[in-house]
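Single-letter residue listing:
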Amino acid sequence: MRSAIALIACLAVLALVDFSIRGKERQLADGSVVFLELAPVDPRSLMQGDYMALRFKMANDALPAIKGSASVSDGRIVALLDERSIAAFRRLEDGALLAGREVLLRYRVRNGELKFATNAFFFQEGTARRYERARYGEFRVAPDGELLLTGLRGAELQPL
């Protein structure tokens with residue numbers, strides 16, 4: 001009896017993991033491409049290897065509006081995309097319909113800082129110079145505003 005319960009629990013966990021992976025794969029395939037301007041820091045972690053800590057200009061632009069709102073918590077902002085799909089802060093989500101080039105972007109507030117998707121980009125040891133020219137994070141955005149970092153781009157949006 002116990003082994004049957006353990007097997008059912010294991011299958012349920014595997015099904016949830018598979019569901020999550022399929023959702024991310026769908027977002028990679030179908031999500032809109034959006035670029036966020038970044039302000040990188042390039043640390044090295046003995047435990048994690050080489051990575052770039054990411055901060056986004058849009059977080060700096062949106063944080064005063066979020067701190068001035070009724071609740072400082074996780075949520076979504078409305079960003080306006082320019083002709084190259086570079087996002088700029090427009091307003092906090094307020095339920096209004098989105099205009100033609102507006103998208104929702106989900107954010108999280110952690111330790112008083114606004115975060116989009118991730119705050120780090122890991123790369124292979126010895127390739128740090130390749131990412132020194134990074135100026136934008138490339139994301140795939142789901143209709144609900146969930147962001148998935150897919151790479152870093154240079155000043156002219158060229159892949160690095």
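Each remark here, short or long, concerns the structure printed above.
A brief look at the structure comes next.

Take the sheet that holds strand E6 (residues 102-110) next. Pairing within the open sheet is antiparallel, and its four strands lie in the order E5-E4-E6-E7. Edge positions in the open sheet fall to strand E5 (87-92) and strand E7 (113-115), since each of these has one partner strand only. Each strand axis lies, on average, 45 degrees off the axis of its neighbour in the sheet, ignoring direction. Pairing of strand E4 (residues 75-81) with E6, which is carried by six bridges, proceeds in the antiparallel orientation. Note that in E6 the partner of Val78 across the bridge is Leu104. Sitting on the sheet, helix H2 (residues 57-67) touches E4, E5, E6 and E7, and the angle it makes with E5 is about 5 degrees.

Below, the discussion takes up the sheet that holds strand E10 (residues 147-153). Note on sheets: strands pair through backbone hydrogen bonds, and any given pair is parallel or antiparallel. In spatial order, the strands read E1-E9-E10; together these three strands make up an open sheet with antiparallel pairing. A single partner strand is all that each edge strand has here, and the edge strands are strand E1 (32-37) and E10. Each adjacent strand pair in this sheet contributes to an overall mean axis angle of 30 degrees, direction not counted. Looking at chain direction, E1 and strand E9 (residues 136-141) are connected through six bridges and run antiparallel. Its bridge partner lying in E9, Glu37 is registered against Tyr136.

On to the packing of aromatic side chains. Going through the model one piece at a time under the given rule, you end up with four aromatic pairs. Between Phe56 and Phe116, the ring centres sit 6.3 Å apart and the planes meet at 80 degrees, which makes this aromatic pair edge-to-face. Residue Phe56 is located in the loop between strand E3 (49-53) and H2, and its partner Phe116 is located in the loop between E7 and strand E8 (120-122); the two are separated by 60 residues in the primary sequence. For the residue pair Phe56 and Phe116, the accessibility class agrees, reading buried in each case. One aromatic cluster is present, built from ring pairs that chain together Phe56, Phe116 and Phe139.

What H2 keeps buried is the set Met58, Ala59, Ala62, Leu63 and Ile66. One face of H2 carries all of its buried residues, which in axial projection span an arc of 130 degrees. With respect to the buried face of H2, the exposed residues turned more than 90 degrees away are Asn60 and Pro64. Of the surrounding elements, those touching the buried residues of H2 are E1, E4, E5, E6 and E7.

The next thing to look at is the side chain of Glu102. Looking at where Glu102 falls in the secondary structure, it is placed in strand E6. Overall, Glu102 belongs to the buried group, its relative accessible area being 8%. Of the polar contacts made by the side chain of Glu102, one reaches the side chain of Arg91; its length is 3.0 Å. Every residue in contact with Glu102, bar those within four places of it in the chain, is listed here: Val78, Ala79, Leu80, Arg90, Arg91 and Leu97.

Here the focus is unusual backbone geometry. Positive phi is not limited to glycine here, since Asn111 has a value of about 50 degrees. Tracing the backbone through its elements, the reader meets Asn111 in the loop between E6 and E7. The backbone phi angle of Ala117 is positive, close to 60 degrees, even though this residue is not glycine. Structurally, Ala117 can be placed in the loop between E7 and E8.

Reading the values: the criteria
- The residue numbers shown here count from 1 along each chain, following its written sequence.
- Local features in this predicted model are restricted to residues of pLDDT 70 or higher, and side-chain atom pairs are both shown and tallied only at a pLDDT of 80 or more, whereas totals for entire chains, interfaces and linings draw on every residue.
- Note that water and hydrogens are dropped before the side-chain values are worked out from all heavy atoms of the structure.
- Strands qualify as paired when DSSP identifies two bridges or more between them.
- Helix and strand labels come from DSSP, where a helix needs a run of H or I of at least four residues and a strand needs a run of E of at least two; each type is numbered from the N terminus.
- Every axis corresponds to a line fitted to the C-alpha atoms, with the helix fit spanning only the stretch in contact, and the corresponding angles, defined between N-to-C directions, vary from 0 to 180 degrees.
- In what follows, a contact means two residues having at least one pair of non-hydrogen atoms within 4.5 Å.
- In summary, the pairing rule links any two rings of Phe, Tyr or Trp, Trp by its six-membered ring, whose centres are within 6.5 Å, and it sorts them by plane angle into stacked for under 30 degrees, edge-to-face for over 60 and tilted for everything else.
- The cut-offs for exposure are 20% and 50% of the maximum accessible area for each residue type, with area from a 1.4 Å probe on protein chains only; residues under the lower value are buried, those over the upper are exposed, and the others partly exposed.
- Taken from the helix axis, the directions to the C-beta atoms give the arc we talk about.
- Two N or O atoms count as a polar contact when they lie within 3.5 Å, although within protein this holds only if one can serve as hydrogen donor and the other as acceptor, and sequence-adjacent residues are included solely when both atoms are side-chain atoms.

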